[in-house]
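Chain by chain, the residues run as shown.
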Amino acid sequence: MQLTLRLTKQPTILFLPLFILLSFQVHAKNDKFPGYIITLDDEKIEGEVVTGSITDNEVKIQFIEEGEDKKKTYKAKQLKGYGYESIQDDDLGLEYKRWIHYEQQKVDYPPKPFASTTVFMQREEGGTLTLFCYYVEVRNDRKNPYQYHYYAKNDEGDLVRIEKKEFRKIAGKLFKNYTAMSSKIGRKDFEYKNLDRMVRDYNFWVDNQHDANEYRVALKQ
């Protein structure tokens, strides 16, 4: 299904006064997790990913290939992506395992000073629409040291930044053909903070092609 929204391949980041800080698991420096890398030739190599801060992970990673002992550093320009299996806590404080995936993308503003604008973006949802989160350091704000932006990519590879103040307009175009969703945008449970679930439910509709006027919730993988 073709989207009617005109998307740009290299969105410009504008700093706005209002941001929402996503909750995320902060790992200790040099934690190792089972993972993989995807080379520029689309080869998947398994091993261990050595994590850094949330913005370090957008700039470069260290990787230990299966059967090897040495760590090798890869910048975002050198890989198509990577992923690792993280141990996190749920709302009840119980530990669970979750795979975190990153893909190479091009932006106009780096995640930290003097870093490259070719970055790894964390993929929140995949499918006809792919949803990413991109974090940027705010070094003069100790209480909120990271700010984030949502990005959506269609199946043609076009990328668009979604800011909160433009959410209704952009989401209305992204989800236009799924009327059961587009008619609810801006209501409770269909706000900016619910974008990850909305993308997941939209992809479920595209895949199954049930009645566009009937809303169905996709199970989270």
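Being a predicted model, the structure only gives us computed values, none of them experimental. (Residues numbered from 1 in each chain as written. Predicted model: local features only at pLDDT ≥ 70, side-chain atom pairs only at ≥ 80, totals over all residues. Heavy atoms only, no water.)

(A) Inspection of the environment of His149 at higher detail. Following the sequence through the fold, His149 ends up in strand 9 (residues 146-153). Judged by relative accessible area, His149 falls into the buried class, the value being 0%. For His149, the side chain forms a polar contact with the side chain of Glu163, separated by 2.8 Å. (Helix = DSSP H or I, 4+ residues; strand = E, 2+ residues; numbered from the N terminus. Buried < 20%, exposed > 50% of the residue type's maximum accessible area, 1.4 Å probe, protein only. Polar contact = N/O pair within 3.5 Å; in protein donor to acceptor, adjacent residues only side chain to side chain.)

(B) Spatial organisation of unusual backbone geometry. Even without being a glycine, Asp42 presents a positive backbone phi close to 70°. Its location among the elements puts Asp42 in the loop between strand 1 (32-39) and strand 2 (44-50). Even without being a glycine, Phe114 presents a positive backbone phi close to 70°. Along the chain, Phe114 turns up in the loop between strand 6 (95-106) and strand 7 (118-125).

(C) How the structure looks around the pattern of salt bridges. Enumeration according to the criterion identifies eleven salt bridges in this entry. Residue Glu124 is joined to Arg98 by a salt bridge in which the shortest nitrogen-to-oxygen separation is 3.9 Å. With Glu124 in strand 7 and Arg98 in strand 6, the pair connects residues that are 26 residues apart, well separated along the chain. The partner of Arg197 in a salt bridge is Asp201, and the shortest N-O contact between them spans 3.2 Å. Taken as a pair, Arg197 and Asp201 lie in helix 4 (residues 195-208) at a separation of four residues, close to a single helical turn. Overlapping salt bridges, with partners in common, bring together Asp56, Lys112, Glu137 and Arg139 in one network. (Salt bridge = Lys/Arg side-chain N within 4 Å of Asp/Glu carboxyl O.)

(D) Highlighting the packing of aromatic side chains. In the structure shown here, the tally under the stated rule is 14 aromatic pairs. For the ring pair Phe167 and Tyr192, a centre distance of 5.9 Å and an interplane angle of 80° mean the geometry is edge-to-face. In this pair, Phe167 is assigned in helix 2 (residues 167-174) and Tyr192 in the loop between helix 3 (179-182) and helix 4, connecting sequence segments 25 residues apart. Judged by relative accessible area, Tyr192 falls into the buried class, the value being 5%. Ring pairs connect the aromatic residues Phe175, Tyr178, Phe190, Tyr202, Trp205 and Tyr215, which therefore count as one cluster. When the ring centre of Tyr36 is taken as origin, the NZ or CZ atom of Lys44, which lies over that ring, is 4.7 Å away. Directly above the ring of Phe190 sits Arg197, whose terminal nitrogen or CZ lies 4.8 Å from the centroid. (Phe/Tyr/Trp six-rings, centres within 6.5 Å; stacked < 30°, edge-to-face > 60°. Lys NZ or Arg CZ within 6 Å of the ring centre and 35° of its normal.)

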